[in-house]
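Chains, contacts and geometry: an overview
Residue-level listing of the chains:
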Amino acid sequence: MCGIAGILFKHEVPGLTTGQALIDMLDGCQHRGPDSTGFALYDGAHSGQLKLRFFVGEAEAAQEAIARIRRALDEHDAKIVEEETIGNNYRVIVDFNGNLQKFSYAIEHAAKVISIGSSLEIVKDVGSAAEVDARYEVNKVHGSHGLGHVRLATESDVKPEASHPFWATGFADIAIVHNGQITNYWKMRRRLERRGFEFTTDNDSELIAVYLADKLSQGLPLKDALQTSIEDLDGTFSFLVSTDREIGYAKDRLAAKPMVMYENDDLVAVASEEVSLNKLFPGQALQTREPLPGTFATWSRSI
Amino acid sequence: MVTIDLGAVPVRDANEQIRKHGKAGENVEIVNPDARHHIGVGLTAPIDVHIRGSAGYFCAGLTDQATFTIDNNVGWGLGDNIYSGTVIVGGNAGAIPAVGIRGANIIIKGNMGSRAGQVMKAGTLLCAGNANFMAGYMLYGGRIIILGDSGERVGEDMTGGEIFVGGRVQDLGSDAELTDMSSQEDESIREFLDRFEIPFNGSFQKIVNAGKKLRYGSPERQMRSLPFFTFSGGSSYWNAKVQEDIHIKSQSGRYRIRGYGTARALPHLSDLAFARDLSRSVGTADVISKVQMYTEIGGINGANPLKLSMPVMVAPMSYGALSRSTKHAIGLASAMSDIAENTGEGGMSDAQRNAAKQLIFQCLGGRLGWNIHDMKRADGLEIYISQGAKPGLGGQLMAKKVTQELADIRGIPAGIDLRSPSRHPDILGADDLVIKIEEFREATGYRLPVSVKLGAGRVRDDIKIAVKDGFDFIELDGMQGSTGAGSSEVIDFVGIPTLAAIIEAEEALAEIGRRQDIQIVLMGGMRDGVDAVKGLCLGADAVAFGTSVIIAGGCIACMQCHVGQCVTGIATQDPAHEKRYQPEVEAQNIHRFFESVRWQIAALTHALGYDDVRKLSRNDLVALTPEAAAITGLPYEPAPRKRSAEALAG
């Protein structure tokens, strides 16, 4: 139960970072989810390098977790280039050229992975957009696109790891934010598990992320993966997905969850409510559009 | 014209200013609206409000007589429940525009979102662009005019009203059909278009209810029914009730509908006992003066609380299921005992409002009888999500019970088979609920407590959501609660017993450390003050009585509630039956019952050694059965209790 936001800048817009744009949009719909806030951000990819973020907790527990992570990285020939501890996160950049899926499943046993990608970094924690920004300096992140999410926990706990966005466990650079509920969750999850995929939470949003990542890894374009998701997933949903190049949305056939979009020469912005879009353009009457039920679309800088 | 800048003034303050200008007859202009929610909510004056930009959710909602002009777009729930007035939107509208309106003209120049006109009752909704999914869903009355395309499943489950489509009819909803339209209808539409200067030269197709779904071909065979008390709590394989059910089903070929609650033996409050022997102390004279029972409910977030002379309320029961005279009697009795009454579904009658000193106004998904004027004269507002007897299900009121008076108060055409939906048009999740609660608070100046009625289902999750959404209190209803009509299979086999519900609720609030942020009123099979005290011991802040109130007021449980032929005049809308009911006499009976409850609460609290009902705790209870012990975690102590020195002294 929550509010979602996504933005793609068609080119650099002076004075506005992707991070700040998402903070503003989420601030506009914080009433939809006061428990936690999260961001999927894409910035500064270097070939052959991966960025990893983990929840490590605090004090002694954090030191132990970091030690476990370092050992696991070493075992999998991932060489640490850069590392730091921010809030309850451990962030590390490694040189890595192996099998990402195997690597990430193994790493998951060492500590709670938040995200892995060449450019993706997910920042999420309990608290409001402003509070999470104060802890993790989201406003400083540039990059062409990103997603954001505010969460009201309904069935799972208020924990940082249960908040959104969700990384597609095992697949680099894919993230999702979702408003709604997938009712054939277990059926779809078992289907994917039989094919060897692992899940790190019981959250239906992780399922969407892994489902889409699986389709992408089979060579489907993102928009085709979104199309099949509308047929395969049952329930009420409005979700946004991001890869290292694109963002996209899909909306269920029942139109039970809100979504509004706005596009101009500079950017494409999608949010649960128009009030979030107006946060980017105060005082302006925007020509917005509500996507029809059962539809999807994608945007990237190259188009 | 007064200008209000929403870039500088919060919506809450702006709405107060708008209402003030409304009283003074001064028009208002809103600048920098930036799609904020709840603009203009609760305005009941004939002024013009011009919004220069986009508005968010529930714009112009819960208003009467006003004219709103919005230059750009609006969010969900445009003009929610408007009584009368005009709303003109220059751009697009989000989902459920004109939801539940009781009158008014709503004009949308762009496209409109899904489920437009859901549970709308009267007035006109015009969309100059295209409609989206399920326009006219569960429409009760009024007309929807769509100049563009209809969207999929137009007219889904509509029971009354008309839908006119100027563009393509993409796909008809369930139980909707195309029909011929008269030249008068066409003229009336053209006149409407001219009045609002909307050009259109095409022709229309008309959609109405087909009347093929949810109609009972043959009524149940009339036979002498077994009274509820002869079969409630029974557990044998074959008995007279089983035989009766089989006989009826062998004639009708379908499931049975009946009133009252579950007849199955379930773990209940009677499976608990007090931890100490109270036999010596109960006899103390004048216990009522020795125990503090005054309880305030609903004030924890700053609203005016309900002030109860004891931690007891009347449970919600609808005017519709019950007769006006019965609701009148219950209102009188609640005032005499100085507790709160509840409208239940179906609106507030004057008789009931004037009789009850404190009255909670219940809002259901059909928005039947819901309106701003009665909200303002209520003492509390309640959002009904579900009830313990049939959690998750809606209801149906047979055409026979939908009399002219009842239809007027509910705002629907008389004599229709009335479908009462199981879910709210604008509450599809906890996130929507937050915005809905705020709409109610905005409309009533944050004066009234807003509560949620939850039929016990997924209690642990639901309770956490209720507290996070900021409700002032929860009315938690267990499986032993009753209903005016429900499928007997559901009544007997679906739900969570009251005992389990309160335990799970308390655990859920302890898990998130939020017990102090909400109050719980427990209901579902409360029979006397002993049950009440046990409910309080388990953590409830108050309890509510429903079935016992109507029994006190003359109900003989003859099981004719659902057919409307109640011989006592309680569960009927037939004047011939209702005239047997004497509200003043029955009010006294109900009042005396409540006074017995008061005495029992006082006597037991006193006997347990306390001078205040708030000191009761689960340590005062033990379980008499292994099942009750398993559910509650209380010690299983079926043996007679030892007399404590304290009790002997008392």
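Quick note: structure is the one above.
In this report, the structure presented in the accompanying data block is examined.

Rules behind the numbers
- Residues numbered from 1 in each chain as written.
- Chains lettered and ligands numbered in written order.
- Predicted model: local features only at pLDDT ≥ 70, side-chain atom pairs only at ≥ 80, totals over all residues.
- Heavy atoms only, no water.
- Phe/Tyr/Trp six-rings, centres within 6.5 Å; stacked < 30°, edge-to-face > 60°.
- Helix = DSSP H or I, 4+ residues; strand = E, 2+ residues; numbered from the N terminus.
- Buried < 20%, exposed > 50% of the residue type's maximum accessible area, 1.4 Å probe, protein only.
- Lys NZ or Arg CZ within 6 Å of the ring centre and 35° of its normal.
- Pairing = 2+ DSSP bridges.
- Right-handed = clockwise from strand over helix to strand, strands pointing away.
- Contact = heavy atoms within 4.5 Å.
- Buried area = accessible area lost by both parts, 1.4 Å probe.
- Salt bridge = Lys/Arg side-chain N within 4 Å of Asp/Glu carboxyl O.
- Nonpolar A, V, L, I, M, F, W, Y, C, P; charged D, E, K, R; others polar.
- Axes fitted to C-alpha atoms, helices over the stretch in contact; angles between N-to-C directions.
- 1 Å grid on protein atoms, 1.4 Å probe; cavity = no way out; pocket = protein on both sides within 12 Å on 5 of 7 lines; lining within 4 Å.
- Points joined across faces, edges and corners; volume = space filled by probe spheres on them.

On to the packing of aromatic side chains. All names here are of chain B. If you walk through the whole model with that rule in mind, you get 20 aromatic pairs over all chains. Between Phe545 and Phe594 the ring centres are 6.2 Å apart and the planes differ by 85°, which places this aromatic pair in the edge-to-face class. Of the two residues, Phe545 is situated in strand β26 (residues 542-545) and Phe594 in helix α16 (residues 583-607); the sequence distance between them amounts to 49 residues. By relative accessible area, Phe545 is classed as buried at 0%. Assessed through its relative accessible area of 0%, Phe594 is described here as buried. An aromatic cluster is built from Phe228, Phe229, Phe231 and Tyr260, whose rings are joined through pairwise contacts. In this structure, Arg143 is placed above the aromatic ring of Phe192, and the distance from its NZ or CZ to the ring centre is 5.3 Å. The ring of Phe231 has Lys241 sitting right over it, with the charged end atom 4.4 Å from the ring centre.

With that settled, the discussion passes to the pairing of strand β1 (residues 2-5) of chain B. All names here are of chain B. In this structure, β1 lies alongside strand β2 (residues 28-31), joined through four bridges in parallel fashion. By the bridge assignment, Val2 is partnered in β2 with Val28. For the crossover that starts at β1, traverses helix α1 (residues 11-24) and ends in the parallel β2, the hand is right-handed.

Taken residue by residue, the interface counts 34 residues in chain A and 32 residues in chain B. When residues of chain A are sorted by the area they lose upon contact with chain B, His31(A), Leu152(A) and Glu290(A) head the list and together hold 18% of the total. Where chain A packs against chain B, one counts four salt bridges. Listing elements by their share of the side of chain A that touches chain B, those giving two or more residues are β10 (175-182) and α8 (274-280) of chain A. Per-element tally for the side of chain A that touches chain B: the top contributor is α8(A), with three residues. Residues belonging to the side of chain A that touches chain B are distributed by class as follows: 16 nonpolar, ten polar and eight charged.

Strand pairs in the sheet, formed through backbone hydrogen bonds, run parallel or antiparallel to each other. Residue and element names in this part refer to chain A. Strand order in the open sheet formed by six strands is β7-β2-β8-β1-β14-β13, and the pairing between neighbours is antiparallel. Bordering the open sheet on either side are β7 (120-126) and β13 (260-263), each of which pairs with just one other strand. Mean inter-strand twist for the sheet, computed between neighbouring axes without regard to direction, equals 10°. Its contacts with the sheet put helix α1 (residues 18-28) on β1 (2-9), β2 (36-42), β8 (145-151) and β14 (267-271), and the angle it makes with β1 is roughly 150°.

Moving on, we get to empty space enclosed by the protein. Residue and element names in this part refer to chain B. What the rule picks out here adds up to two cavities of 30 Å³ or more. Roughly 90 Å³ of volume is contained in the largest cavity. Around the largest cavity sit Glu220, Arg221, Gln222, Met223, Ser225, Ile248, Arg256, Met559, Gln560, His562 and Val563, which together line it. Residue classes in the lining of the largest cavity are distributed as four nonpolar, four polar and three charged. Taken as a whole, the second largest cavity encloses approximately 70 Å³ of empty space. Lining the second largest cavity are Ser225, Lys241, Glu244, Asp245, Arg256, Ile257, Arg258, Ser488, Met559 and His562. Those elements that provide at least two residues to the lining of the second largest cavity are α4 (240-252) and β12 (257-258). A breakdown of the residues in the lining of the second largest cavity according to their chemical character gives two nonpolar, three polar and five charged.

A few words now on the pattern of salt bridges. Under the definition given, this model contains 58 salt bridges over all chains. A salt bridge links Glu29(B) to Arg52(B), with the nearest nitrogen and oxygen atoms 2.5 Å apart. Of this pair, Glu29(B) sits in strand β2 while Arg52(B) is found in strand β3 (residues 48-52), placing the two residues 23 residues apart along the sequence. By relative accessible area, which is 15% here, Glu29(B) ends up buried. When the shortest N-O distance is used, the salt bridge between Arg367(B) and Asp80(B) registers 3.9 Å. In this pair, Arg367(B) sits in the loop between β18 (358-363) and α7 (372-376) while Asp80(B) sits in the loop between β4 (67-70) and β5 (86-89), placing the two residues 287 residues apart along the sequence. There is no split in this pair, since Arg367(B) and Asp80(B) are both buried. Each of Lys51(A), Arg53(A), Glu82(A), Glu84(A), Arg91(A) and Glu121(A) takes part in a single network of salt bridges with overlapping partners.

Space inside the second largest pocket adds up to approximately 1,300 Å³. Together, 39 residues line the second largest pocket, and Ile385(B), Arg423(B), Ile427(B), Leu428(B) and Gly429(B) are the ones closest to its centre. Those elements giving two or more residues to the lining of the second largest pocket turn out to be β11 (235-242) of chain A together with α9 (430-443), β22 (450-455) and α10 (459-468) of chain B. No other element matches the four residues that α10(B) contributes to the lining of the second largest pocket. Per-class residue counts for the lining of the second largest pocket are 19 nonpolar, 13 polar and seven charged.

Let us now look at the environment of Gln565(B). Residues and elements named next belong to chain B. The topology assignment puts Gln565 in the loop between α14 (547-552) and α15 (575-578). When the C-alpha positions of Gln565 and Lys401 are compared, they lie 9.6 Å apart, and in sequence the two are 164 residues distant. In this structure, Gln565 is in contact with Gln222, Lys400, Gln560, Ala571 and His577, ignoring residues within four places of it in sequence.

All quantities given are derived from atomic positions and should not be read as evidence of function.
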